[in-house]
Amino acid sequence: MGDTQTGRPRGRRREADLNDARLMRAAREVFAEQGWDAPVSEIARRAGIGMGSLYRRYPSKELLAQRMRIVGMEQLVAQARTALSEEPDPWAAFARFLRDALSAQGPGGPLLPLIGGRLPATDEIVAAAAQLRAALDDLVEGAHRAGVLRADFTAADVPLLLEHLTARIPVTDERATALHLRYLDLILAGLRTSAADGPTALQGPAPDWAELSELWNASEG
């Protein structure tokens, strides 16, 4: 009863939530290392749960991957909205979001391109993607209006930038994150406009959301 009165999940719900979090982490690592054909048994092993528990929650690999994709998008939305609400300066909000998103990627790297091409666009995934686009649009448009972000950088550049910044490096997770953040600082220096000199032009046209959607949904060879 105490759990109900305080609004906390009951013991079984809390255990299920912890198992789910472990599954998300393990699945990200396993898919990143072994690709889509990785056995579900390896995901369960790394998560420290039984196959029965996994299949009760996710009866198929596709359902597990769909949930991973939604969780990944929801996390990015939360990070973007937090940065916008807590950082009154548009550049600080933009930079904070990128640092928070990069720090939270984990050893598996970016989730969305990893599994996007294997999954149908369910209503829930479409809704989560729309929320992510809106959040990133708000971040980038705010920085553009303030004149602090180069005009040829678009919101659709953000997911691809995160993918480039989270290349797998054969070092410890902590060192990899430190290196990723180091290179982010270099990129941020190039993205911020200068009062004295305008930024040099970027090569090639900027992506838009339609092109990014095609990339996510392309079949993997």
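Residues numbered from 1 in each chain as written. Predicted model: local features only at pLDDT ≥ 70, side-chain atom pairs only at ≥ 80, totals over all residues. Heavy atoms only, no water.

Where an unreviewed UniProt entry is consulted, the protein chain appears under the name AcrR family transcriptional regulator, with the organism given as Streptomyces violarus.

K.L.:
Pulling in residues and values, what's your account of the overall build of the protein chain?
P.N.:
Scanning the protein chain from terminus to terminus reveals 11 helices and zero strands. Each helix and strand of the protein chain, ordered N terminal to C terminal, gives the series α-α-α-α-α-α-α-α-α-α-α. Taking all 221 residues of the protein chain together, 37% fall into the buried category. When contacts within the protein chain are restricted to residue pairs at least 6 apart in sequence, long-range pairs at least 24 apart make up 71% of them. (Helix = DSSP H or I, 4+ residues; strand = E, 2+ residues; numbered from the N terminus. Buried < 20%, exposed > 50% of the residue type's maximum accessible area, 1.4 Å probe, protein only. Contact = heavy atoms within 4.5 Å.)

K.L.:
Let's hear about the pattern of salt bridges: which residues, and what values?
P.N.:
Should their charged atoms come close, side chains of opposite charge can pair. Applying the stated criterion to the full structure yields 11 salt bridges. Residues glutamate 29 and arginine 46 are paired through a salt bridge, measuring 3.7 Å at the closest nitrogen-oxygen approach. Note that glutamate 29 is positioned in helix α2 (residues 11-34) and arginine 46 in helix α3 (residues 40-47), a separation of 17 residues in sequence. We classify glutamate 29 as partly exposed; its relative accessible area is 26%. Arginine 99 is the partner of aspartate 185 in a salt bridge, and the nearest nitrogen-oxygen pair spans 3.1 Å. Of this pair, aspartate 185 sits in helix α10 (residues 173-191) while arginine 99 sits in helix α6 (residues 90-103); the two residues are 86 residues apart in sequence, bridging distant segments of the chain. A residue is classified by how much of its surface remains accessible, and aspartate 185, at 41% relative accessible area, is partly exposed. Take arginine 99: its relative accessible area is 35%, and that puts it in the partly exposed class. Within the structure, one salt-bridge network assembled from shared partners comprises Glu29, Glu33, Glu42, Arg45 and Arg46. (Salt bridge = Lys/Arg side-chain N within 4 Å of Asp/Glu carboxyl O.)

K.L.:
I'd like to hear about the UniProt feature "DNA-binding region" (unreviewed entry) in the protein chain, residue by residue, with values.
P.N.:
Those places that UniProt annotates as "DNA-binding region" (unreviewed entry) correspond, in this numbering, to residues 39-58. Structurally, residues 39-58 comprises 75% helix and 0% strand, and the distance from its first C-alpha atom to its last is 14 Å. (UniProt positions renumbered as here; feature names shortened; annotations may be inferred.)

K.L.:
Account for the nonpolar core, naming residues and giving values.
P.N.:
The biggest cluster of nonpolar side chains holds 34 residues, and the ones touching the most others in it are Trp91, Phe94, Phe97, Leu98, Leu149, Phe153 and Val158. Among the elements of the structure, α5 (61-86), α6, α8 (123-145), α9 (157-165) and α10 are those that each provide at least two residues to this core. When residues in this core are grouped by element, the largest group, nine residues, is from α8. The next biggest cluster of nonpolar side chains, apart from the first, holds 19 residues, and it includes Trp36, Ala38, Ala44 and Ala47. (Core = buried A, V, L, I, M, F, W, Y, C linked by side-chain atoms within 4.5 Å.)

K.L.:
Break down the environment of alanine 134 for me, with residues and values.
P.N.:
Counting through the fold element by element, alanine 134 comes out in helix α8. For alanine 134, a relative accessible area of 31% translates into the label partly exposed.

K.L.:
Quick one: what's the story with the packing of α6 against α8, residue by residue and with numbers?
P.N.:
Interaxial distance between α6 and α8 falls to 8 Å at its minimum, and their mutual angle equals 140 degrees. Between α6 and α8, the angle is such that the two are oblique. Considering only the axes of α6 and α8, their crossing is left-handed. Of α8, the residues touching α6 (which contributes Pro90, Ala93, Phe94 and Phe97) are Leu136, Leu139, Val140, Gly142 and Ala143. (Axes fitted to C-alpha atoms, helices over the stretch in contact; angles between N-to-C directions. Parallel < 35°, antiparallel > 145°, perpendicular 65-115°, else oblique. Left-handed = near helix turned anticlockwise from the far one by under 90°.)

K.L.:
Can you break down the packing of α6 against α9 residue by residue, with the values?
P.N.:
Interhelical geometry of α6 versus α9 gives an angle of 50 degrees and a closest axis separation of 11 Å. The angle between α6 and α9 falls in the class oblique. Remark: the crossing between α6 and α9 carries right-handed chirality. Taken together, the residues of α9 that come into contact with α6 (itself represented by Phe97, Leu98, Ala101 and Leu102) are Val158, Leu161, Leu162 and Leu165. The residue inventory of the contact of α6 with α9, partitioned by class, reads eight nonpolar, no polar and no charged. (Nonpolar A, V, L, I, M, F, W, Y, C, P; charged D, E, K, R; others polar.)

K.L.:
Help me get a handle on the packing of aromatic side chains, residues and values and all.
P.N.:
The tally for this structure, following the rule as stated, stands at three aromatic pairs. Geometrically, the ring pair formed by phenylalanine 31 and tryptophan 36 is stacked, given 5.3 Å between the ring centres and 15 degrees between the ring planes. On the basis of relative accessible area, tryptophan 36 is assigned to the buried category, the value being 14%. Between tryptophan 91 and phenylalanine 94, the ring centres sit 5.5 Å apart and the planes meet at 45 degrees, which makes this aromatic pair tilted. Pair noted here: tryptophan 91 and phenylalanine 94 are both in helix α6, with a separation of three residues, about one helical turn. In this structure tryptophan 91 comes out as buried when scored by relative accessible area, which is 9%. (Phe/Tyr/Trp six-rings, centres within 6.5 Å; stacked < 30°, edge-to-face > 60°.)

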